[in-house]
Amino acid sequence: MSQHQLVSTAETQPRSTDLGWRAHREKPLSTRKYDAQAIARHYRYRPLQAIWRALNILWSFAWFVLGLKFDDWQHRTEANKFKRAAQLRILLTRLGPTFIKVGQALSTRPDLVRKDFLEELVKLQDQLPPFPTTIAFGIIQEELGYAVDEIYAQISPEPIAAASLGQVYRARLYSGEEVAVKVQRPNLLPTLTLDLYLMRWGAAWLGPWLPLNLGHDLTLIVDEFGTKLFEEIDYLHEGYNAEKFADNFRDDPTVKVPSIYWSYSNTHVLTLEWIHGFKLTDTESIKAAGLDTDTLIRIGVTSGLRQLLEFGFFHADPHPGNLFAMPDGRMAYIDFGMMDQLSETNKETLVDAVVHLINKDYVELAADFVKLGFLAPNTNIWPIVPALESVLGDIMGESVADFNFKTITDKFSELMYDYPFRVPAKFALIIRSLVTQEGLALSLNAGFKIVDVAYPYVAQRLLKGESPELRRRLIDVLFKDGRFQWQRLEDLIAIARSDTNFDLLPTAQLGLQYLLSPEANFLRQQLILALIEDDRLHTEEVQRLWNLIKDELKPARLFSAAWGALAGASMQGAAALLPTIPFASWQTPQNH
């Protein structure tokens, strides 16, 4: 990518001082939205068009399946495997952007797709047939109001990547910045709307016959996909998404988001900062650059968890074509067309579900599933609780290292035959994002276990208790039935410290500051009771905790952290740690 030639377009400077150039930054987002009913009305009067497209899709896949069966009958499966894999890629490409999106999702699942198919499907990420550059340059001129040679000092004569919805050129502005110019494919809307119409029609007819209980919500999932697809073909919307994403990660030195050049962008053209890096599937280049794949996995998983559990704003299409390893060790995200926002309620309920999973509190976990929409509001959860325990019971036990999303998906698919679980439309994208990221991590390291990163992250967030909500959840973890759970505290600290980048001391300082605050009055009382519970001093438990953390708590740093905590607390809070002595007990007899 970095070796692609740039060609000079003109010697004249662009008319960047014109008002038209500056208007794009203030331009509102497109008012064109996905409307399933409007699309249905449109094609209701064009039945031949819909029938012809449906027959084309069915005929294409029928021939492909027949070819696979023929190879099986002739015992030529191995001999023809690469030929059939190429046929599948060509088939999905010919059927258009909707099916290319399906192929991109499958390309990140080495545990679901056999290797020969996987190698071909990966090409769908950015090796699709481009459309002519003359058409692309015409779109740029139409969208931005100026000829290409007036906008860019240099631009590659051919696209350096072609994806399902557009293609990218490498260019240089007259001001010197190296940029990527993303140009949308022409006439996308008719193909997308027709495919969405057929998908929705199929979901409505086939849903009730499916063996899974997500059937009656299948049209909502199609509608969610349609909404996101319409947002994805509005490049102004993508630009605003990129800026919001960058703002969320502004304090994270491991994540890079390219800057948007609004003066050179519009609905079908997006100009953004050029990213120098390697696709995450290019493991040879990554290793040759001296980058550690496990570190990249850790950055990817942690940033994914932050998107879901901290910000609620997440990248719903994190396939390898949209993620780059940079030479300085950062991970760069690109392509912010398909994003989604979780409500504050759903975000908090997700954190609650993690806490209840850690606590093995399956009654509350079932209630979380109801709140999130995986179970209907009127569902009787009591028959479901034992089933949840059987599926999830070993996740915090000895088999924790074997846990992954593929495992949990397989187990839940069994539950869905017998219990009224469903997939809410909002969470279809989240599940897709999670399994895509896990598949990407597996492509970098086949032995990767998501809990190796996810558990330390959750434990660190709980221990830091940076907000009242997180502090409440930490208390929920540490206390069960009114009794302090010493083992859980040990487990949390041990899990958090399994991340070598985790520094326990700042967390201890935050904890001490909280303990000295008026908000922690109840917790102080409970901790004192825990120390003398069962009419004995719990010195053994305290000794085990000390052995766990003593190597990190050097005297100088410990004193500094304690002083910092005390400096941030009021004298009233510090005094609150002392045992409470009734006023009458120290008065002299003369005072009575």
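Residues numbered from 1 in each chain as written. Predicted model: local features only at pLDDT ≥ 70, side-chain atom pairs only at ≥ 80, totals over all residues. Heavy atoms only, no water.

### Focus: helix α2 (residues 36-44)
Basically, it comes down to this: For each residue, the accessible area found with a 1.4 Å probe, counting protein chains only, is set against the maximum for its type, and the residue is called buried under 20%, exposed over 50%, and partly exposed in between. Each helix is a run of DSSP H or I of at least 4 residues and each strand a run of E of at least 2, with the numbering of both proceeding from the N terminus. The arc in question is the one spanned by the directions pointing from the helix axis to the C-beta atoms. By definition in these notes, contact holds between two residues if any of their heavy atoms fall within 4.5 Å. Here a polar contact is recorded for every N or O atom pair within 3.5 Å, except that within protein the pair must consist of a potential hydrogen donor and a potential acceptor, and residues adjacent in sequence are included only if both atoms are side-chain atoms.
All buried positions along α2 are accounted for by A36, I39, A40 and Y43. Viewed end-on, α2 has its buried residues packed into an arc of 100°, placing them on one side of the element. Close packing links the buried residues of α2 with α3 (47-73), α9 (188-206) and α10 (218-232). Measuring from the backbone nitrogen of Q37 back to the side-chain oxygen at the start of α2 gives 3.1 Å, which picks out D35 as the cap.

### Digging into the side chain of T133
Structurally, T133 is set in helix α7 (residues 133-144). When sequence neighbours within four positions are dropped, the list of residues in contact with T133 reads P157, E158, P159 and Y169.

### A few points about the packing of α3 against helix α4 (residues 81-95)
Note the threshold: Helix axes use the C-alpha atoms of the stretch in contact, all axes being lines fitted to C-alpha atoms, and the angles between their N-to-C directions lie in the range 0 to 180 degrees. If an angle is under 35 degrees, it is roughly parallel; if it is over 145, roughly antiparallel; if it lies from 65 to 115, roughly perpendicular; otherwise it is oblique.
Remark: α3 packs on α4, axes separated minimally by 11 Å, with the N-to-C direction vectors making an angle of 180°. In terms of axis orientation, α3 runs roughly antiparallel to α4. Mapping the contact onto sequence places R53, N56, I57, S60, F61, F64, G67, L68 and D71 in α3 and R84, Q87, L88, L91, L92, R94 and L95 in α4.

### What to know about the nonpolar core
Selection rule: For the purposes of this section, nonpolar cores are sets of buried Ala, Val, Leu, Ile, Met, Phe, Trp, Tyr and Cys residues that join through side-chain atoms within 4.5 Å.
In terms of nonpolar packing, the biggest core is built from 102 residues, with F245, L280, L388, L392 and F421 touching the most fellow members. Top element by residues in this core is helix α13 (residues 293-311). It accounts for 8 residues. Core analysis: the next-biggest nonpolar cluster, separate from the first, contains 19 residues, I140, I151, Y152 and V269 among them.

### Some remarks on the packing of aromatic side chains
Note the threshold: The aromatic pairing rule takes the rings of Phe, Tyr and Trp, using the six-membered ring of Trp, and pairs them if the centres are within 6.5 Å, calling planes under 30 degrees apart stacked, those over 60 edge-to-face and the rest tilted.
A full pass over the atoms with the stated rule returns 14 aromatic pairs. Each ring, one from F137 and one from Y169, has its centre 5.5 Å from the other, and the planes form 55°; the classification is tilted. Note that F137 is positioned in helix α7 and Y169 in strand β4 (residues 166-173), a separation of 32 residues in sequence. Assessed through its relative accessible area of 0%, Y169 is described here as buried. Both rings, one in W201 and one in W205, keep their centres 6.1 Å apart while their planes meet at 45°; by these two values the pair is tilted. Here W201 pairs with W205, and both are found in helix α9, just 4 residues apart, close to one helical turn. Residue class for W201 comes out exposed when judged on its relative accessible area of 51%.

### Some remarks on the environment of I90
Along the chain, I90 falls in helix α4. Relative accessible area serves as the criterion here: at 48%, I90 is assigned to the partly exposed category. Counting along the chain gives 10 residues from I90 to I100, while the straight-line C-alpha distance between them is 9.8 Å.

### Observations concerning the pattern of salt bridges
Selection rule: By definition, a salt bridge exists where a carboxyl oxygen of Asp or Glu is found within 4 Å of a side-chain nitrogen of Lys or Arg.
Tallied over the entire structure, the rule returns 18 salt bridges. Across the pair R89 and E120 runs a salt bridge whose closest N-O atoms are separated by 2.4 Å. With R89 in helix α4 and E120 in helix α6 (residues 115-121), this pair connects stretches of sequence that are 31 residues apart. The salt bridge involving E120 is made with K123; its shortest N-O contact spans 3.2 Å. Under the relative-accessibility criterion, E120 is labelled buried at 13%.

### With respect to the confidence of the model for the chain
For residues with low pLDDT, the predicted coordinates do not support detailed interpretation. Inclusion rule: Each residue carries a pLDDT value, the predictor's own confidence for that position, ranging from 0 to 100.
For the chain, per-residue confidence averages 77 on the pLDDT scale, and residues scoring 70 or more make up 66% of the total. Long-range and interchain partners of residues 9-31, a stretch whose pLDDT sits below 50, account for 51 contacts in this model, where long-range means more than four residues apart. Considering only residues more than four positions removed or in separate chains, one finds that residues 397-401, a stretch of pLDDT under 50, has 7 contacts.

### Remarks on the environment of D328
Tracing the sequence through the fold places D328 in the loop between β10 (323-325) and β11 (331-333). When the C-alpha positions of D328 and G290 are compared, they lie 9.6 Å apart, and in sequence the two are 38 residues distant. In terms of polar contacts, D328 uses its side chain to reach the side chain of R330, at 2.9 Å.

### Topic: unusual backbone geometry
Even without glycine at this site, N187 takes up a positive phi of about 55°. By secondary structure assignment, the location of N187 is in the loop between β5 (178-184) and α9. Residue classification places N187 among the exposed residues on the basis of a relative accessible area of 66%. Phi at D335 takes a positive value of approximately 60°, unusual for a residue other than glycine. Here D335 is to be found in the loop between β11 and β12 (339-341). Judged by relative accessible area, D335 falls into the buried class, the value being 16%.

### Comments concerning the packing of helix α15 (residues 362-372) against helix α16 (residues 384-392)
To be explicit about the condition: Gly is placed with the polar residues, together with every amino acid not listed as nonpolar (Ala, Val, Leu, Ile, Met, Phe, Trp, Tyr, Cys and Pro) or charged (Asp, Glu, Lys and Arg).
Interaxial distance between α15 and α16 falls to 9 Å at its minimum, and their mutual angle equals 100°. Between α15 and α16, the crossing angle belongs to the class labelled roughly perpendicular. Facing Y362, V363, L365, A366 and F369 of α15, the residues of α16 in contact are V385, L388, E389 and L392. Split into classes, the residues belonging to the contact of α15 with α16 amount to 8 nonpolar, no polar and 1 charged.

### Considering the sheet that holds β11
This is how it is decided: When DSSP finds two or more bridges between a pair of strands, those strands are recorded as paired.
Taken in spatial order, the 4 strands of this open sheet run β6-β11-β10-β8, and their pairing is mixed. Of all strands in the sheet, those with a lone pairing partner are β6 (255-256) and β8 (278-279), marking the two edges. The sheet contacts of α13 involve β6, β10 and β11, and relative to β11 the element is tilted by about 45°.

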